[in-house]
Amino acid sequence: MNLLSAVKVSVRSLRANKMRSGLTMLGMIIGVSAVIAMVAVGAGANERIAAQIASVGSNLIMVIPGSTTSGGLRGGSGGSQTLTIDDARAIGKELSAVRATAPNVRSSAPIVYGNQNWSTLVQGTSPGYLEVRDWQVISGRNFTDAEVDAASKVALIGKTVSENLFGGEDPIGKIVRIKRIPFTIVGLLDGKGQSPQGQDQDDVVIAPVTTVQRKVSGTSHAGTVGVILVQATGPDTIEEAQKQITVLLRQRHRISNGQEDDFSVRNLSEMLAVAESATKIMSLLLGAIASVSLLVGGIGIMNIMLVSVTERTREIGIRMAVGARQRDILAQFLIEAVILAVAGGTIGILVGAGGSMAISRFAGWSTLISPIAVSVAFGFSGAVGVFFGFYPARKASRMDPIEALRYE
Amino acid sequence: MAIPVIEIASLCKTYRIGELTVEALRSVDLTIESADFLAIMGASGSGKSTLMNVLGCLDRPTSGTYHLDGNDVGKLDRDSLARIRGKKIGFVFQGFNLLSRMTALENVELPMLYDEVPSGIRRERSIEALRTVGLEDRGHHLPNQLSGGQQQRVAIARAIVNNPSILLADEPTGNLDTTTSEEVMGVVQRLNDERGITVVLVTHENDIAEFAKRIVTVRDGKILSDRMVEKRRFAANCAGAGE
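The structure displayed is predicted, hence computed values, not measured ones.

1. Comments concerning the overall build of chain B
Part 1 of the reasoning: Within chain B one finds 7 helices and 10 strands.
Part 2 of the reasoning: Its C-alpha atoms give chain B a radius of gyration of 18 Å, near enough to 18 Å, the size a compact globule of 243 residues would have.
Part 3 of the reasoning: With respect to the three principal axes, the spread of C-alpha positions in chain B is 50 × 45 × 40 Å.
Part 4 of the reasoning: Relative to its 243 residues, chain B shows a buried fraction of 53%.
Part 5 of the reasoning: In chain B, the proportion of contacts linking residues at least 24 apart, taken out of those at least 6 apart, comes to 70%.
Part 6 of the reasoning: Accessible area of chain B: about 10500 Å², with a carbon and sulfur share of 47%.

2. Some points on the overall build of chain A
Part 1 of the reasoning: Across its full length, chain A holds 13 helices and 12 strands.
Part 2 of the reasoning: What you see for chain A is a C-alpha radius of gyration of 33 Å, clearly larger than the 22 Å of a compact globule of 408 residues, by over 25%.
Part 3 of the reasoning: Projected onto its principal axes, the C-alpha positions of chain A cover 105 × 55 × 40 Å.
Part 4 of the reasoning: Counting over 408 residues, chain A shows a buried share of 47%.
Part 5 of the reasoning: The long-range share in chain A, meaning contacts at least 24 apart out of those at least 6 apart in sequence, stands at 77%.
Part 6 of the reasoning: Carbon together with sulfur atoms contributes 59% to the accessible area of chain A, which is approximately 19500 Å² in total.

3. Quick look at the interface of chain B and chain A
Part 1 of the reasoning: Contacts between the two partners involve 24 residues from chain B and, on the opposite side, 28 residues from chain A.
Part 2 of the reasoning: Summed over both sides, the interface between chain B and chain A buries roughly 2400 Å², with carbon and sulfur atoms accounting for 54% of that surface.
Part 3 of the reasoning: If you sort the residues of chain B by the area they bury against chain A, B:Arg78, B:Arg101 and B:Tyr114 come out on top, with a joint share of 32%.
Part 4 of the reasoning: Linking chain B with chain A are 2 salt bridges, by the criterion used here.
Part 5 of the reasoning: Joining chain B to chain A, the criterion identifies 8 residue pairs in polar contact (both at pLDDT 80 or more).
Part 6 of the reasoning: Broken down by element, the side of chain B that touches chain A gets its largest block of residues, 6 residues, from helix 2 (residues 78–88) of chain B.
Part 7 of the reasoning: Per-class residue counts for the side of chain B that touches chain A are 11 nonpolar, 3 polar and 10 charged.

4. A word on the pattern of salt bridges
Part 1 of the reasoning: Taken as a whole and assessed by the stated rule, the structure comprises 25 salt bridges over all chains.
Part 2 of the reasoning: As a salt-bridge pair, B:Arg101 and A:Glu315 come within 3.6 Å of each other at their nearest N and O atoms. Residue B:Arg101 is located in the loop between strand 6 (89–92) and helix 3 (104–113), and its partner A:Glu315 is located in helix 10 (residues 313–321); the two belong to separate chains.
Part 3 of the reasoning: For B:Arg101, a relative accessible area of 35% gives the class partly exposed.
Part 4 of the reasoning: Overall, the relative accessible area of 11% leaves A:Glu315 in the buried class.
Part 5 of the reasoning: Measuring nitrogen to oxygen at the nearest pair gives 3.5 Å for the salt bridge that ties A:Asp328 to A:Arg325.
Part 6 of the reasoning: Owing to a relative accessible area of 5%, A:Asp328 belongs among the buried residues under this scheme.

5. Section: the sheet that holds strand 4 (residues 63–68) of chain B
Residue and element names in this part refer to chain B.
Part 1 of the reasoning: Judged by pairing direction, the sheet is antiparallel, and its 4 strands sit side by side in the order 2-1-4-5 without closing on themselves. Two strands lie at the open edges of the sheet, namely strand 2 (20–32) and strand 5 (71–72), each paired on one side alone.
Part 2 of the reasoning: Judged from the 5 bridges that link them, strand 1 (residues 6–17) and strand 4 form a sheet pairing that is antiparallel. Looking across to strand 4, one finds that Cys-12 is bridged to Ser-63.
Part 3 of the reasoning: Helix 1 (residues 48–55) contacts strand 1, strand 2 and strand 4 of the sheet and is inclined by roughly 120° relative to strand 1.

6. So, the sheet that holds strand 10 (residues 222–228) of chain B
All names here are of chain B.
Part 1 of the reasoning: Spatial ordering of the open sheet is given by 6-7-8-3-9-10, a layout of 6 strands whose pairing is mixed. With one partner strand each, in any of the chains shown, strand 6 and strand 10 form the two edges of the open sheet. Here the average twist between neighbouring strands, direction ignored, is 20°.
Part 2 of the reasoning: As paired strands, strand 9 (residues 214–219) and strand 10 are joined by 6 bridges and run antiparallel to one another. When the sheet's bridge partners are listed, Val-218 is paired in strand 10 with Ile-223.
Part 3 of the reasoning: Of the strands in this sheet, strand 6 and strand 7 (166–170) touch helix 2, which is tilted by about 80° from strand 6.

7. Description of the environment of B:Asp170
Residues and elements named next belong to chain B.
Part 1 of the reasoning: Structurally, Asp-170 can be placed in strand 7.
Part 2 of the reasoning: Relative accessible area serves as the criterion here: at 23%, Asp-170 is assigned to the partly exposed category.
Part 3 of the reasoning: Sequence separation between Asp-170 and Gln-94 is 76 residues, and the spatial gap between their C-alpha atoms is 5.9 Å.
Part 4 of the reasoning: Each residue touching Asp-170, except ones within four places of it in the same chain, is listed here: Met-52, Val-92, Phe-93, Gln-94 and Val-202.

Reading the values: rules and limits
- Residues numbered from 1 in each chain as written.
- Chains lettered and ligands numbered in written order.
- Predicted model: local features only at pLDDT ≥ 70, side-chain atom pairs only at ≥ 80, totals over all residues.
- Heavy atoms only, no water.
- Helix = DSSP H or I, 4+ residues; strand = E, 2+ residues; numbered from the N terminus.
- Rg over C-alpha atoms; globule rule 2.2 N^0.38 Å.
- Buried < 20%, exposed > 50% of the residue type's maximum accessible area, 1.4 Å probe, protein only.
- Contact = heavy atoms within 4.5 Å.
- Areas by Shrake-Rupley, 256 points an atom, 1.4 Å probe, with all protein chains shown as cover.
- Buried area = accessible area lost by both parts, 1.4 Å probe.
- Salt bridge = Lys/Arg side-chain N within 4 Å of Asp/Glu carboxyl O.
- Polar contact = N/O pair within 3.5 Å; in protein donor to acceptor, adjacent residues only side chain to side chain.
- Nonpolar A, V, L, I, M, F, W, Y, C, P; charged D, E, K, R; others polar.
- Pairing = 2+ DSSP bridges.
- Axes fitted to C-alpha atoms, helices over the stretch in contact; angles between N-to-C directions.

In structure tokens:
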């Protein structure tokens, strides 16, 4: 019997038992849609974390001051004030693997505009900061190196600050007071969303590092900075840049061989790798749990096919009497099982896709339906049909025609 | 002389049921010429069903030889036997054995489905076969929409659609009343007369056996008698006109 006729015969007998076929498919539908939805949730989480990490900046290296030791008590890392604005400038100018640098001082301060006030993070840095963080000014302009040198009272504000202080008003050119000192807003920053730690990155005011040091934070060591952010020229040069920075800073800080560094150099790709492996494990786990229901669906198919074979013993006998070979009977029942599984799988893919859209809409989780997950689910449901359909089909094909014809 | 359609020699069939060995057929010799009409008679347990199953290639003999159309089919495997059933043997059963979800036409098409006949030819030949049994206008009816006699005629159409060498009818009138039985036997007689199809009829009713040309009686797995029918019965009205 050719394949087309075999498929027709199978579809026919499945349609003769609509309720039973539907319920059997339901097992597959639940299984496949669970797999699709779970993998979509996992992949969505993965992508979201990757995006958050990328939002910090690409090819980013952080230089942090080392620990202090005073009277035998060692402070934590970042406690000392060993890094300076000049260090940052030197890294930017002298090193080949570095594209941009930005010294960074942070201070928390209230900002006042008219009768509105808002406490936020005031960050002092250089114009290169935006480049390092892949951040854009959407309205107005960035401040300049000249303004850094002159410690001008200019500032860029993040979206959250703008919304809280100005509402719908255009902030450009407005004067705000930070710790009573008037600053002119020269630029509005693009929205960047949450950081990997969950902080609102848009709740920030960025001003020239010199201005912040002198007017806002009032540091005891003039010219020192908390952190220097460095952007390497590319993903491949991150390690090279780290080495160059270490050599340069040891020279500049006059650290002799054998002595420990008074700073440390870190990059973000390690963080990314850890986060990615964590979400990958989560996706895998979700997928594995969902696969169990796919397995249950497959067992359902096998169960129904076994019942069907017994019920249709006489039909099998008649078919054998008129010339059906073992493989014809095997094919008929196997095709029935595969049709059940694949039809259930296809509907399951649609339900799963719809379900994951609903999840992202109502629960606010991001989901991602990958074509790979869809094709794997489709192929897998076909395989389930073959695997669980084979035993009943073989049982049917091995029946003795005489016995089968006599079956009541 | 032409090769006989069926030639079996010292054919034995033994079943083993647990420890017990049942000799269903004990050295049977039988030759059936082309266009013969043979009735096999015997009480239940006489071995006539076993003989029928072996003749129909549903079962294999334990020993002895079976030549169908000159080919030795006694030692063939399951799939080869299936092919032979599809091409050379047409079955008619007591219980009609039509597939209930399929129309009469589709039931008649069934043997050709396994013989890989293209669907256009399949349809054509099925309609032709239904016409032969006088049911060309009932092709789209389901079996349960047909009377018993009509169902049996659909079964006959299915049996002859592949132009088999023999038509094996196992108690074909067992579920039918006298009038319908005569009608069905009329169709069988006509196929035997007009188309020269060799018919082997299994029955335990004398008046049905008398439609045949020759009666073979089986008892205890052996052939007891083999005689020509002296006063052969002929169906009064030929099939097709009956409805």
